[in-house]
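Descriptive structure summary
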Amino acid sequence: MCADSQFVSGEERNRILCKTIRQYNKEPVPAEVMTKLLDVAKDYRTVKNYVYARYGGIRSLSKLYPGYTVQNEMTKAELRQKLGLPSVYYYLAVFDALGDIKSQWSRTRSKVLELIGRNIHLTGEEKHYLRFLLKSKDAFAAVLQQKPAELPDAMLKRQKELAALTDSGKLHRYLCRQVRKYHITLHTDVADGFSIAERAYRYGDHGIYISTKEKRRRVFVLLTDNNRYSRQLYIKLYPEQARMEIRVPVQMTARKYETWQNTVGLAPGIFTMLTVDNGRSYGEALGEMQCEYSEWMREQTSSYIRNRADNPGRKKYNAKKNRYEERIHSYINHELNRFFQSEEPKRIYIVKLPGPQAGGVNRKINHNVAMWQRGYIRRRLQQKCQERSVELVEVLGKDISRVCSSCGGMGSRKEGIFFCEVCGYTDREKTNTARNVLQRGLDGKVIY
């Protein structure tokens, strides 16, 4: 959790954001230190998988909230003594796993709700009853476990009223079938990190001391900065690179720039990251950088397949891949910052970025499109908008690049240039699209 905000005013509390910052080791982590940290990570994984297997199913659904029943049962299980894992890590792993299980159940309920809405064989009353069950955790658990629901009197009365209008037995069986079909019991094979509470680490000597499975012995890692934090952290390990990353959740207040009053339309692209409705572009070198990265990836994949039998490992490959990605991400953030400083937006309209598409004929083009950092750009733009109190609105994108922003007629595109066959308007394709984005936003054609 972020720092306590109980003394923050109501207006400011609405603008409190949580973001994750990172700390890094200054020197390669010694093999002995990495081994001790990996031992903690492996036991952390073991505890999580134990919780997943024992409490991830239907029978344990009623134990998940608030979770103290699971904590007490895990204490009696004596798994911690068997592993020799300090309690500070053991209980963090338990509640980490519980959080994952709750999230999985939320995904399951969302999926079943979607299926109910699309089911043409269910009447309106039947759908209403099923939605009632899904929105009440106790009623939902009672149906799945085939037990009487323990609900407040008003809710229990409402359930009986809704059940009287339908064949509740048939609907209960339908709900159980859908849950069994789509609910997944979690499991992880990854053991490359763990959460750590404040009492299990100490900053000092330009680094951090971390508790391990050895009593009263902490390992030391020299850090690149002298920042100190007092909250739950996450330690991410990269043993092949002798590297460690500390992820720190911090609380920040979103800035509000009173002089920023502009409303802009944005058109994202593969080769030019963002084009504004006024014709200015940001991230014009992104396409070249992504093509270079894509070409290198294709060469490496081909070489790896040819020499798989004699390949000594992927250490150098992973290191260079990380350097490529860090370079691209750094450039994206730099250009986004330049965009905000130059345009000073109060509201941004943007066309919804497309998801992965089916491949075309040209493999090279397919690979370049696959390497497009659309997801990273979207996340960073959203984060930076939140930090600056800028409203980000997505608009409907159907035919948005083919419509003339001057007269509304349909035009044609060739080599990045848009030409309207109705009024003769000509402009860069992305500028025309950005103008359409702005107009659709102002017209209220937005995605809610």
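Preceding this paragraph is the structure being described.
Residues numbered from 1 in each chain as written. Predicted model: local features only at pLDDT ≥ 70, side-chain atom pairs only at ≥ 80, totals over all residues. Heavy atoms only, no water.

Some points on the overall build of the protein chain
Of regular secondary structure, the protein chain possesses 14 helices and 15 strands. Residue burial in the protein chain is summarised as follows: out of 448 residues, 42% are buried. Only carbon and sulfur atoms are counted for the fraction: they give 48% of the accessible area of the protein chain, which is about 25,700 Å². (Helix = DSSP H or I, 4+ residues; strand = E, 2+ residues; numbered from the N terminus. Buried < 20%, exposed > 50% of the residue type's maximum accessible area, 1.4 Å probe, protein only. Areas by Shrake-Rupley, 256 points an atom, 1.4 Å probe, with all protein chains shown as cover.)

Looking at the sheet that holds strand β7 (residues 243-253)
The antiparallel open sheet is built from four strands, whose spatial order is β1-β7-β6-β2. The strands lining the two open edges of the sheet, one partner per strand, are β1 (16-24) and β2 (193-196). Averaged over neighbouring strand pairs, the angle between their axes works out to 25° when direction is ignored. In this structure, strand β6 (residues 233-238) lies alongside β7, joined through five bridges in antiparallel fashion. Its bridge partner lying in β7, isoleucine 235 is registered against isoleucine 246. Contacts between helix α2 (residues 31-55) and the sheet are confined to β2, β6 and β7, with β2 contributing the most and set at about 85° to the helix. (Pairing = 2+ DSSP bridges. Axes fitted to C-alpha atoms, helices over the stretch in contact; angles between N-to-C directions. Contact = heavy atoms within 4.5 Å.)

A few points about unusual backbone geometry
With the exception of glycine, the majority of residues adopt a negative phi angle, and the majority of peptide bonds are in the trans configuration. The residue glutamate 78 is not glycine, and still its phi comes out positive at about 60°. Of note, glutamate 78 is situated in the loop between α3 (68-76) and α4 (79-83). Exposure remark for glutamate 78: the relative accessible area of 53% places this residue in the exposed category. In this structure, aspartate 205 is a non-glycine residue whose phi angle is positive, near 55°. By secondary structure assignment, the location of aspartate 205 is in the loop between β3 (201-204) and β4 (207-211).

A look at the pattern of salt bridges
Counting across every chain of the model gives 23 salt bridges. In this structure, the salt-bridge partner of glutamate 325 is lysine 321, at a minimum N-O distance of 3.1 Å. Taken as a pair, glutamate 325 and lysine 321 lie in helix α11 (residues 315-343) at a separation of four residues, close to a single helical turn. Using a relative accessible area of 23% as the deciding quantity, one classes glutamate 325 as partly exposed. A residue is classified by how much of its surface remains accessible, and lysine 321, at 21% relative accessible area, is partly exposed. The structure contains a network of salt bridges with shared partners spanning Glu32, Lys36, Glu214 and Arg217. (Salt bridge = Lys/Arg side-chain N within 4 Å of Asp/Glu carboxyl O.)

Section: the packing of helix α5 (residues 87-118) against helix α6 (residues 124-135)
The description of two helices packed together rests on the angle between their axes and the distance between the axes. As a packed pair, α5 and α6 sit with axes 10 Å apart at the nearest point and diverge in direction by 175°. With respect to α6, the axis of α5 lies roughly antiparallel. Taken together, the residues of α6 that come into contact with α5 (itself represented by Arg109, Val112, Leu113, Ile116 and Gly117) are Lys127, Leu130, Arg131 and Leu134. Along the lines of polarity and charge, the residues of the contact of α5 with α6 split into five nonpolar, one polar and three charged. (Parallel < 35°, antiparallel > 145°, perpendicular 65-115°, else oblique. Nonpolar A, V, L, I, M, F, W, Y, C, P; charged D, E, K, R; others polar.)

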